[in-house]
Each structure stands twice: as structure tokens, then as C-alpha cells.
Amino acid sequence: DSNCSLSQLSEKLGMTKASLFRLMATFESHGYVERSHDSSEYKLGMAAFEVGQKLLARMTLLQKTRPVMAQLVRQCNETIYLVVRRDNDALFMAMADNDQKVKVVPLNGKRFPLQDCAAGRALIAFNETGKDKSTEAELCRSRGYCIDRDGIGEGSTCIAVPLFDADNSACGSLVMVGPSFRMDQQRIEQQLLPAMKAAGEMASARLGHIGHGLKSKPIGAVPS
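Below or above, wherever it landed, is the structure these notes cover. Fair warning: this is a prediction, and the values are worked out from it, not measured in the lab. (Residues numbered from 1 in each chain as written. Predicted model: local features only at pLDDT ≥ 70, side-chain atom pairs only at ≥ 80, totals over all residues. Heavy atoms only, no water.)

**Here's the deal with the sheet that holds strand 2 (residues 33-35)**
No. 1: Strand order in this open sheet of three strands is 1-3-2, and the pairing throughout is antiparallel. On the outer flanks of this sheet lie strand 1 (4-5) and strand 2, each paired with one strand and no other.
No. 2: Direction of pairing for strand 2 relative to strand 3 (residues 41-44): antiparallel, over a ladder of three bridges. The partner of arginine 35 across the bridge, within strand 3, is tyrosine 42.
No. 3: With respect to the sheet, helix 2 (residues 17-29) is in contact with strand 2 and strand 3, its orientation differing from that of strand 2 by roughly 110 degrees. (Pairing = 2+ DSSP bridges. Helix = DSSP H or I, 4+ residues; strand = E, 2+ residues; numbered from the N terminus. Contact = heavy atoms within 4.5 Å. Axes fitted to C-alpha atoms, helices over the stretch in contact; angles between N-to-C directions.)

The following block contains the structure:
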């Protein structure tokens, strides 16, 4: 039985009924628990279920992408991040680090407004096709990547490619972050972008995506 009375919760948690009642009332107001109409028993609410589902989805995303991130670091020796959307921010969720002597300050756990970084703009461009018709979004979709310089800090360059799940939704982005002096246009075009796009497709396949969620055109010139 998933239901639990206030007395049972009080005993298990070592809290007084009065304190616990106030706490449960707060949870109930936010939908995390529900109380039976004909008793004082509580059960998990839909909000708690939704939070659990999101957590499981993100854990699966991390589990499936970590090997690809590690391979990408070995291939390019630059720091790679898994980035997901959190409300109106891009959350740098996990990091695979490199062994370079000069690095950008670690961003693991950091959040940036979606429009302020390539990682966030990639999530917007590929999840809001038809809604965001800006030149930048259309360019991002046609190329299959977003890139920025100084978006997360002066002297940094970010390259972001989208990750697609089985529903063809952009569930996250793979992001390469490095000092701009090491990521010149020739290296980006010849080494980094091909590696990033291949890694994005590989990670998406591991997430159950069938086919390509983007229409890539030849790399061409990368904006400075």
C-alpha cells in the first residue's frame, strides 16, 4: 500500500505530528502529495511523479551520453559538457574534462540564460522549429550546430550540437568549451565540427533517435 498516515510518517521520520502536518500541507499545496478524502492518509501526488520522471529521463540522458563525451575528449582534447534546459536557462549538467594546461573555468552545475550561450540557443532552435524564425535560429538549424565566442566568459569559444531522443525532441546539447586561442577557425572547420556533429548523431542514436533530426549543410565559414 502506497498510502501512509500522519502517525506512520511521524514515527518513521521522528517528527512531531504538528510539525509534520504543516510540512505535508505545504507539499499538498504544491501537488507533491495528495490526501485521501475519507481518511488522514497521504500518497504521492502527480507533481512528485513528474519530478521523478524528469529525474529518470536526465539520468538516462547522462548514462547514454557519457561514453560519447569521453570519446570526444580523447579525440579533440577539449572539455565537453552535457547541457539541458532548466526553465529559461541552460544548465551545464555534466562535464568530461581534458588534460590541457590552459582551460576555461569549470562550468559544471552553472546556469546561463538560454539566449546567452550556444548551448541554450541550440536547444531553442531545434525545439521551437517554426516558432523561432530568427536568422540565427534558422542558421543554427541549417548548419546543425550553434557557436559563440565570449558567450560564457571572455576568451572562450563554445560549439553546441543538439541531442535528439526517440520522440525527435532536442532533449539536450553536447557542448565543447575551450579558450578561443586554441579554437581557431581552421581547427573548428577541419577537426572540431566534424567530430562534434558525429558525436551528436552517435549520442542521439543511443537515446533511441532514428534518422537525423537536423538537415546539415556543408560546414562552410564559421562566424568569428
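**A word on the nonpolar core**
No. 1: In terms of nonpolar packing, the biggest core is built from 29 residues, with Ile80, Ile159, Leu174, Met176 and Met196 touching the most fellow members.
No. 2: Among all residues touching methionine 196, those that are not within four sequence positions of it are Leu72, Ile80, Ile159, Val161, Leu174, Val175 and Met176.
No. 3: By size, the runner-up hydrophobic cluster in this structure holds 25 residues, among which are Val83, Ile124, Phe126 and Ala160. (Core = buried A, V, L, I, M, F, W, Y, C linked by side-chain atoms within 4.5 Å. Buried < 20%, exposed > 50% of the residue type's maximum accessible area, 1.4 Å probe, protein only.)

**Topic: the sheet that holds strand 4 (residues 79-86)**
No. 1: On the basis of which strands lie adjacent, the open sheet formed by six strands has the order 6-5-4-9-8-7 and antiparallel pairing. What marks the edges here is a single partner per strand, and that holds for strand 6 (111-113) and strand 7 (146-149). On average, each strand axis in the sheet is tilted by 30 degrees relative to the strand beside it, whichever way the strands run.
No. 2: Across nine bridges, strand 8 (residues 156-164) lies against strand 9 (residues 170-179) in antiparallel orientation. Across the sheet, alanine 160 pairs through a bridge with valine 175, a residue of strand 9.
No. 3: Most of the contacts of helix 6 (residues 185-206) go to strand 8, to which it runs at about 25 degrees, and overall it touches strand 4, strand 7, strand 8 and strand 9.

**Let's talk about the packing of helix 1 (residues 6-13) against helix 2**
No. 1: Interaxial distance between helix 1 and helix 2 falls to 10 Å at its minimum, and their mutual angle equals 110 degrees. One finds that helix 1 runs roughly perpendicular with respect to helix 2. Two secondary-structure elements touch here, helix 1 through Leu6, Ser7, Leu9, Ser10 and Leu13 and helix 2 through Lys17, Leu20, Phe21 and Met24.
No. 2: A per-class count over the contact of helix 1 with helix 2 returns six nonpolar, two polar and one charged. (Parallel < 35°, antiparallel > 145°, perpendicular 65-115°, else oblique. Nonpolar A, V, L, I, M, F, W, Y, C, P; charged D, E, K, R; others polar.)

**Some remarks on unusual backbone geometry**
No. 1: Positive phi values are uncommon outside glycine, yet asparagine 77 reaches one of about 55 degrees.
No. 2: Within the secondary structure, asparagine 77 sits in the loop between helix 3 (46-76) and strand 4.
No. 3: If you check the backbone angles, asparagine 168 has positive phi at about 65 degrees while not being a glycine.
No. 4: Here asparagine 168 is to be found in the loop between strand 8 and strand 9.

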